[in-house]
Amino acid sequence: MIWESNASVPGPLTNRHVGYIQVIGHAGSGFFTPLNPFNPLPPSSLAGVEKALAQGADGVEIDVQLSQDSIPILYHDPTLNSMTTGSGCVSQQPAAALVKLPYRGGWGYDLFHNERIITLETLFARVARYPQYPYLHLDLHEHDGCGGEYTRSPALVRALASLIRRYQVPTDRLLILTTYQPTLRQLKHELPQVPLGLEVTKDEDFMAGIAAAKGIGVQAIVIPKALATPEQVAQVQAAGFDAVLFGGRSAGSIRRLVAAHPDAIEVDNVPQLLRTLKR
């Protein structure tokens, strides 16, 4: 992930921590927000991804769920009710039905977009056309609001492996992350060359997470804004992992994340992070 601090383009995950903070659009260009900045684009939508990359992000973080017929789908929330015209969960519908669902954010947002849910395959096909392949952080959502609790995780891993091989996605441009350790172990077996990240969301799980990450052999620890401190970032890096932070929209919160000296920030405000980094 790290390159020389004066490099114009960052390198792959290397655990060499020499000063380049990778700028990753969180769920593309972030989430529906009314101000600072106004963002009318749905999270993990194609337009949101393309906006973040057009703004100068090194890559994007996107949320991946598995459809009823085992197709990886880009969608963030636990249920379809919250952000689309549909109902239920991604796991309850086939991909052909899901990709017909328009996003719905409310009148203040929907005037500015015409987005529908897309498959991960659609994204792979689109970004392959870019002059330089962007970094893709695939955040696996393995349980939903309809009772699905990790039972389909093995199928999700198999589907991801198949797509990544078919589209010859550069492994040094990927990071697959999840909170679920058995999935990381299966990914390690199925895709041994792809960098992996363990997401740690609770402060009390932090040291146990580092120990688990060592046992699995992942490359990154992923930490939310609320838990991110310089001390924790230093601990992650001292243990041999890249520190990836997520969140941050205001100038103040982004300055705080930058001051922790992580290796990457999955940020909700790409232009503000670039300004803070003077890029």
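Residues numbered from 1 in each chain as written. Predicted model: local features only at pLDDT ≥ 70, side-chain atom pairs only at ≥ 80, totals over all residues. Heavy atoms only, no water.

A. Up close: the layout of surface pockets. There is about 360 Å³ of room inside the largest pocket. Together, 22 residues line the largest pocket, and D139, L140, H141, H143 and E199 are the ones closest to its centre. Counting residues per element, the ones that place at least two in the lining of the largest pocket are β2 (59-66), β5 (135-140) and β6 (174-178). In terms of residue count, β2 provides more of the lining of the largest pocket than any other element does, three residues in total. (1 Å grid on protein atoms, 1.4 Å probe; cavity = no way out; pocket = protein on both sides within 12 Å on 5 of 7 lines; lining within 4 Å. Points joined across faces, edges and corners; volume = space filled by probe spheres on them. Helix = DSSP H or I, 4+ residues; strand = E, 2+ residues; numbered from the N terminus.)

B. Focus on unusual backbone geometry. Across the junction of N36 and P37, the peptide omega takes the value -5°, indicating a cis bond. With respect to the secondary-structure elements, P37 resides in the loop between β1 (22-26) and α1 (46-54). Although it is not a glycine, Q168 adopts a positive phi angle of roughly 50°. In this fold, Q168 is placed in the loop between α5 (153-166) and β6.

C. Layout of the pattern of salt bridges. If you walk through the whole model with that rule in mind, you get three salt bridges. Note that D58 and R279 form a salt bridge whose closest N and O atoms lie 3.9 Å from each other. Placement of D58 in the loop between α1 and β2 and of R279 in the segment after α10 (270-276) is noted, with a sequence separation of 221 residues between them. For R166, the salt bridge goes to E121, with nearest N and O atoms at 3.1 Å. (Salt bridge = Lys/Arg side-chain N within 4 Å of Asp/Glu carboxyl O.)

D. Inspection of the nonpolar core at higher detail. Within the largest apolar cluster, 64 residues are counted, with the highest numbers of intra-cluster contacts made by L120, L123, F124, L136, L138 and I176. If sequence neighbours within four positions are ignored, I176 has contacts with L138, L140, I164, L184, L187, L191, V194, P195, L196 and G197. Formed by 12 residues, the second largest nonpolar core is a distinct cluster that contains F32, L98, Y109 and I117. (Core = buried A, V, L, I, M, F, W, Y, C linked by side-chain atoms within 4.5 Å. Buried < 20%, exposed > 50% of the residue type's maximum accessible area, 1.4 Å probe, protein only. Contact = heavy atoms within 4.5 Å.)

E. Here's a closer look at the state of the cysteines. Tallied over the entire structure, the rule returns one disulfide. Paired through a disulfide, C89 and C146 show a sulfur-sulfur distance of 2.0 Å. One disulfide, between C89 and C146, carries an S-S torsion of 85° and so falls in the right-handed class. Of this pair, C89 sits in the loop between β3 (72-74) and α2 (95-98) while C146 sits in the loop between β5 and α5, and the two are 57 residues apart along the sequence. For C146, a relative accessible area of 33% gives the class partly exposed. (Disulfide = S-S within 2.5 Å.)

F. Representation of the pairing of β2 within the structure. Counting buried positions along β2 gives eight out of eight residues, so the element sits mostly inside the fold. Strand direction decides the pairing type here: β1 and β2, joined by three bridges, are parallel. Residue G25 lies in a different strand from β2, and its bridge partner there is V60. As a crossover connection, the stretch from β1 through α1 into β2 is right-handed. Alignment of β2 against β5, held across six bridges, turns out to be parallel. Paired with D63 across the bridge in β5 is D139. Of the strand pairs in this sheet, β2 and β3 are connected by three bridges, and their pairing is antiparallel. When the bridges of β3 are listed, L66 appears paired with P72. (Pairing = 2+ DSSP bridges. Right-handed = clockwise from strand over helix to strand, strands pointing away.)

G. Region of interest: a nonpolar patch on the surface. Taken together, the side chains of F38, W107, L111 and F112 make up a nonpolar region of the molecular surface, amounting to roughly 550 Å² of accessible area. With respect to the element layout, W107 can be found in helix α3 (residues 107-110). (Patch = residues over 30% accessible without salt bridge, like charges linked within 9 Å, V, L, I, M, F, W, Y side chains within 5 Å. Areas by Shrake-Rupley, 256 points an atom, 1.4 Å probe, with all protein chains shown as cover.)

H. Inspection of the side chain of T178 at higher detail. Of note, T178 is situated in strand β6. Taking the relative accessible area as the measure of exposure, T178 reaches 1% and is therefore buried. Polar contacts involving the side chain of T178 include one to the side chain of E142, which spans 2.4 Å. A polar atom in the side chain of T178 sits 3.1 Å from the backbone nitrogen of Y180. With sequence-adjacent residues up to four places away left out, T178 is seen in contact with L140, E142, T183, L184, G197, L198 and E199. (Polar contact = N/O pair within 3.5 Å; in protein donor to acceptor, adjacent residues only side chain to side chain.)

I. Up close: the packing of helix α4 (residues 120-127) against α5. Between α4 and α5, the least distance of the axes is 11 Å, while the angle of their chain directions is 20°. On the basis of the axis angle, α4 is roughly parallel to α5. Seen from above, α4 lies across α5 with right-handed handedness. Contact residues: L120, E121 and F124 in α4; L160, L163, I164 and R166 in α5. Here the contact of α4 with α5 is built from residues that sort into five nonpolar, no polar and two charged. (Axes fitted to C-alpha atoms, helices over the stretch in contact; angles between N-to-C directions. Parallel < 35°, antiparallel > 145°, perpendicular 65-115°, else oblique. Left-handed = near helix turned anticlockwise from the far one by under 90°. Nonpolar A, V, L, I, M, F, W, Y, C, P; charged D, E, K, R; others polar.)

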